[in-house]
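Single-letter residue listing:
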Amino acid sequence: MAEASAPHRLPELPYPKDALAPYLSAESFDYHYGKHHAAYVNKLNQLLDGHEWASLPLADLIVTANRTPGARSIYNNAAQHWNHSQFWTGMKPSGGGVMPAALEHRIVQDFGDVTKFKQQFSAAGAAQFGSGWVWLVENKSRLEVVTTSNADTPITEGKRALIGCDVWEHAYYVDYRNARADFLRTYLDHLVSWEEALQRLNGPEA
Ligand code: MN3
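If you're wondering where the values come from, they're calculated on a predicted model, not measured in any experiment.

Procedures and definitions
- Residues numbered from 1 in each chain as written.
- Predicted model: local features only at pLDDT ≥ 70, side-chain atom pairs only at ≥ 80, totals over all residues.
- Heavy atoms only, no water.
- Donors = N, O, S within 2.8 Å, 3.2 Å for Na, K, Ca; no water.
- Helix = DSSP H or I, 4+ residues; strand = E, 2+ residues; numbered from the N terminus.
- Buried < 20%, exposed > 50% of the residue type's maximum accessible area, 1.4 Å probe, protein only.
- Pairing = 2+ DSSP bridges.
- 1 Å grid on protein atoms, 1.4 Å probe; cavity = no way out; pocket = protein on both sides within 12 Å on 5 of 7 lines; lining within 4 Å.
- Points joined across faces, edges and corners; volume = space filled by probe spheres on them.
- Nonpolar A, V, L, I, M, F, W, Y, C, P; charged D, E, K, R; others polar.
- Domains from an automatic or database assignment.
- Contact = heavy atoms within 4.5 Å.
- Buried area = accessible area lost by both parts, 1.4 Å probe.
- Salt bridge = Lys/Arg side-chain N within 4 Å of Asp/Glu carboxyl O.
- Polar contact = N/O pair within 3.5 Å; in protein donor to acceptor, adjacent residues only side chain to side chain.

Section: the coordination of the manganese ion
Coordination of the manganese ion by the protein is provided by His 32 (NE2), His 84 (NE2), Asp 166 (OD) and His 170 (NE2), with metal-donor distances spanning 1.9 to 2.2 Å. Of note, the donors binding the manganese ion are all from one chain and are spaced H-x51-H-x81-D-x3-H. Highlighted residues: His 84 in helix H3 (residues 72-89) and Asp 166 in strand E3 (residues 160-166), separated in sequence by 82 residues. Considered together, His 84 and Asp 166 belong to a single accessibility category, that of buried residues.

Below, the structure is given as structure tokens:
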């Protein structure tokens, strides 16, 4: 495919594909990143070939497609590209652990304590019926746990995503089979990058 007709790219992983093992295996990355995420990017580029939206930045494309009748396929693939990109960069080797003090302060302010936040996040992710995502977002200066269905993403509602965990079965079936709750616990305790979450809290809007 020509350069001009492929505006979106599968992002480089910020760590080797085996760096999060045993919590997420290289095999899981081969499928989830190398096949699922890559398929969303390839499909998106096909849909945008010759399209007037081909040069829109990804976040603008998502918001525009979301409010345009007949653009669900572009919206779904663009939103999943954005959702997965933040998922990879929101994890790190030896993740979890102690939060930066500035993030912990905000968590305690809005959830009571870190344990209550983790319980709320895990419970929401486990209760999401079918495919979707569980997020920690900043919504009008307040931190909240929200879930979205399928490809839906908090950025269409003007919420700032600090962390977002994929709860589609393809996200955990290789390493956890059907045990979504175990995956969510492991995500919070061993995978998530609290430093990245704080950077997103302090950074520009998506
Ligand atoms: Mn996925």
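After presenting the structure, the write-up continues.
A few points about the pairing of strand E1 (residues 132-139)
Across the eight residues that make up E1, a large majority, eight, are buried. The side-chain alternation of E1 yields two buried faces, one formed by Gly 132, Val 134, Leu 136 and Glu 138 and the other by Trp 133, Trp 135, Val 137 and Asn 139. Bridge count for E1 against strand E2 (residues 142-149) is eight bridges, and the pairing is antiparallel. Note on E2: the bridge partner recorded for Glu 138 is Leu 143.

Overview of empty space enclosed by the protein
Under the criterion given, the structure shown has one cavity of 30 Å³ or more. If you add up the space inside the largest cavity, you get close to 30 Å³. Lining the largest cavity, in full, are Leu 24, Ser 28, Phe 29, His 32, Phe 87, Trp 88 and Ala 171. Of all elements in the fold, only helix H1 (26-48) and H3 reach the threshold of two or more residues within the lining of the largest cavity. Looking at which element gives the most residues to the lining of the largest cavity, the answer is H1, with three residues. Partitioned by chemical class, the residues of the lining of the largest cavity number five nonpolar, two polar and no charged.

Section: the domain arrangement of the protein
Interfaces are often described in size by the accessible area the parts lose on coming together. Per the domain assignment, the segments making up the protein are domain 1 (26-89) and domain 2 (101-202). With centres defined by C-alpha atoms, the gap from domain 1 to domain 2 works out at 20 Å. Opposite the 20 residues of domain 1 that make contact, domain 2 presents 22 residues. Both sides of the domain 1 and domain 2 interface together cover about 1,600 Å² of buried area, and 60% of this is carbon and sulfur. The interface formed by domain 1 and domain 2 includes zero salt bridges. Scanning the region where domain 1 abuts domain 2 turns up 11 residue pairs in polar contact (both at pLDDT 80 or more). The element best represented in the side of domain 1 that touches domain 2 is H3, accounting for 11 residues. Per-class residue counts for the side of domain 1 that touches domain 2 are eight nonpolar, 10 polar and two charged.

Quick word on the pattern of salt bridges
Tallied over the full model, the rule gives nine salt bridges. A salt bridge links Arg 185 to Asp 182, with the nearest nitrogen and oxygen atoms 3.1 Å apart. You can see Arg 185 and its partner Asp 182 sitting in helix H7 (residues 180-191), three residues apart, about one turn around the helix. Across the salt bridge formed by Glu 196 and Arg 200, the nearest N and O atoms sit 2.9 Å from each other.

Observations regarding the pairing of E3
A regular strand carries its side chains on alternate faces of the sheet. For E3, the buried fraction is high: seven of the seven residues fall into the buried class. The sheet contact formed by E1 and E3 spans six bridges and is antiparallel. Within E3, the position partnered with Trp 135 by the bridge is Gly 164.

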